[in-house]
Amino acid sequence: MRKKYLLLTSLIVCITFGALFAVKPQSAEASAAAEIAMELTTETVLKEGNADTRLPMASTTKIMTAIIIVEDCNLDEVITVPDKAVGVEGSSIYLKKNEQIDVRDLLYGLMLRSGNDSATALAIHHSGSVEKFVEVMNNRAKKMGAENTQFKNPSGLPDSEHYTTARDLCKIACYAMRNETFKEVVSTHNYKGKFRTYANKNKMLYSYEGANGVKTGYTVKAGRCLVSSAERDGMNVVTVVLNCPDMYERSKALLDIAFKNYKLLNLSENAVYSSGSILCSLSKPCKLVVRNSENLDFKVVPLIENTKIKKGDLVARLEIYDVNGLIFKENLYSI
């Protein structure tokens, strides 16, 4: 009996101490210093936290570098690696002085392997110098609606004046992901080019259903940063987490929230509405994001009386409402 008692007592002690000293996983909720989830085409915000706080963004900077190169450069052009792109600090694709390589292989090295040397080579190829390329980055950011972003280099190396916000970075990523060439690059698992071969180190592509990009980042100052993109049921969601220790888990959680609670509605320009006796339609296809649980109402608001009209005249306005009020309005034209 005494042996059984001692055995039971030891078991209880082990369980108690095990519970006390077990490592508890960090909660996925609010683990990022700043975060946001946004629908790609409409840039509708689905969830956010501290999204306008200025923070360093490490190598997620390269999203801007890449989209500029995609839009402005011939990807098949072969260039000679400049001296300034050799031995650049941080992550690297190990470019050599006077090495011959095409822009495409540099671009894939930039996004799949996060090569800081590749970023420098591309910047110099595009603008003649890193400094001039940074000017292009900042001007392009403003055009994309990123008003609280400032770039000081094309790679994301630490600089006190190099910063963005989760909202700005998500806008930049949404813009970039609407470019099919950029999307193809960042969704590639393994790349074999004319000069280089790379495997993508973005784990989201291998661990989340529908993942199709975009870029990881890390420095001691910025912490772990991740811009992710995934598409399900015709809706593409882009997320940003900045200074997030569990960046993959939190990004997955944000994407799960978005796909569980929201859907994308496509309004066709071929749908016919009636404004009194006038038949009308949208001038172009439109999209809007709505909650899965919402019941929607719509109405056609006449803008002119039924007088002489011709095809293509503005005649009414389509309005869509959820329980909280107006969520969409667009002009209707006679057909």
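Now for a look at the structure at hand.

About the thresholds
Residues numbered from 1 in each chain as written. Predicted model: local features only at pLDDT ≥ 70, side-chain atom pairs only at ≥ 80, totals over all residues. Heavy atoms only, no water. Helix = DSSP H or I, 4+ residues; strand = E, 2+ residues; numbered from the N terminus. Rg over C-alpha atoms; globule rule 2.2 N^0.38 Å. Buried < 20%, exposed > 50% of the residue type's maximum accessible area, 1.4 Å probe, protein only. Areas by Shrake-Rupley, 256 points an atom, 1.4 Å probe, with all protein chains shown as cover. Core = buried A, V, L, I, M, F, W, Y, C linked by side-chain atoms within 4.5 Å. Contact = heavy atoms within 4.5 Å. Phe/Tyr/Trp six-rings, centres within 6.5 Å; stacked < 30°, edge-to-face > 60°. Pairing = 2+ DSSP bridges. Axes fitted to C-alpha atoms, helices over the stretch in contact; angles between N-to-C directions.

## Things to note about the overall build of the protein
Right, on to step 1. From N to C terminus, the protein includes nine helices and 16 strands.
Right, on to step 2. Taken against the 2.2 N^0.38 rule, which gives 20 Å for 335 residues, the C-alpha radius of gyration of the protein at 26 Å runs more than 25% over that of a compact globule.
Right, on to step 3. When burial is assessed residue by residue, the protein has 48% of its 335 residues classed as buried.
Right, on to step 4. Of the roughly 17000 Å² of accessible surface on the protein, a fraction of 51% belongs to carbon and sulfur atoms.

## Here we look at the nonpolar core
Right, on to step 1. Counting residues in each nonpolar core, the largest one holds 63 residues, and the members touching the most others are I63, M64, M111, F182 and L242.
Right, on to step 2. With eight residues, the top contributor of residues to this core is helix α6 (residues 166-177).
Right, on to step 3. Excluding anything up to four places from it in sequence, M111 contacts K62, I63, A66, F182, V185, V186, N200, V214 and K215.
Right, on to step 4. Judged by nonpolar contacts, the second largest core, of 22 residues, contains M204, Y248, L255 and F259.

## Here we look at the packing of aromatic side chains
Right, on to step 1. Per the counting criterion, the structure on display carries three aromatic pairs.
Right, on to step 2. Considering the side-chain rings of Y108 and Y191, the 3.7 Å spacing of their centres and the 5 degrees angle between planes classify their relative orientation as stacked. Of this pair, Y108 sits in helix α3 (residues 103-112) while Y191 sits in strand β5 (residues 190-192); the two residues are 83 residues apart in sequence, bridging distant segments of the chain. Pair check on accessibility: Y108 and Y191 agree, each one buried.

## Let's talk about the sheet that holds strand β14 (residues 297-302)
To summarise the sheet geometry, strands pair through backbone hydrogen bonds and adopt either a parallel or an antiparallel arrangement.
Right, on to step 1. Reading across the sheet, the five strands line up as β11-β12-β16-β15-β14 and stay open at both edges, with antiparallel pairing between neighbours. Strands at the two margins of the open sheet, each flanked by one partner only, are β11 (273-275) and β14. Averaged over all neighbouring strand pairs, the angle between strand axes comes to 40 degrees, with direction disregarded.
Right, on to step 2. Sheet analysis places strand β15 (residues 314-322) next to strand β16 (residues 325-334), joined by eight bridges and oriented antiparallel. Paired with I320 across the two strands is F328, which belongs to β16.

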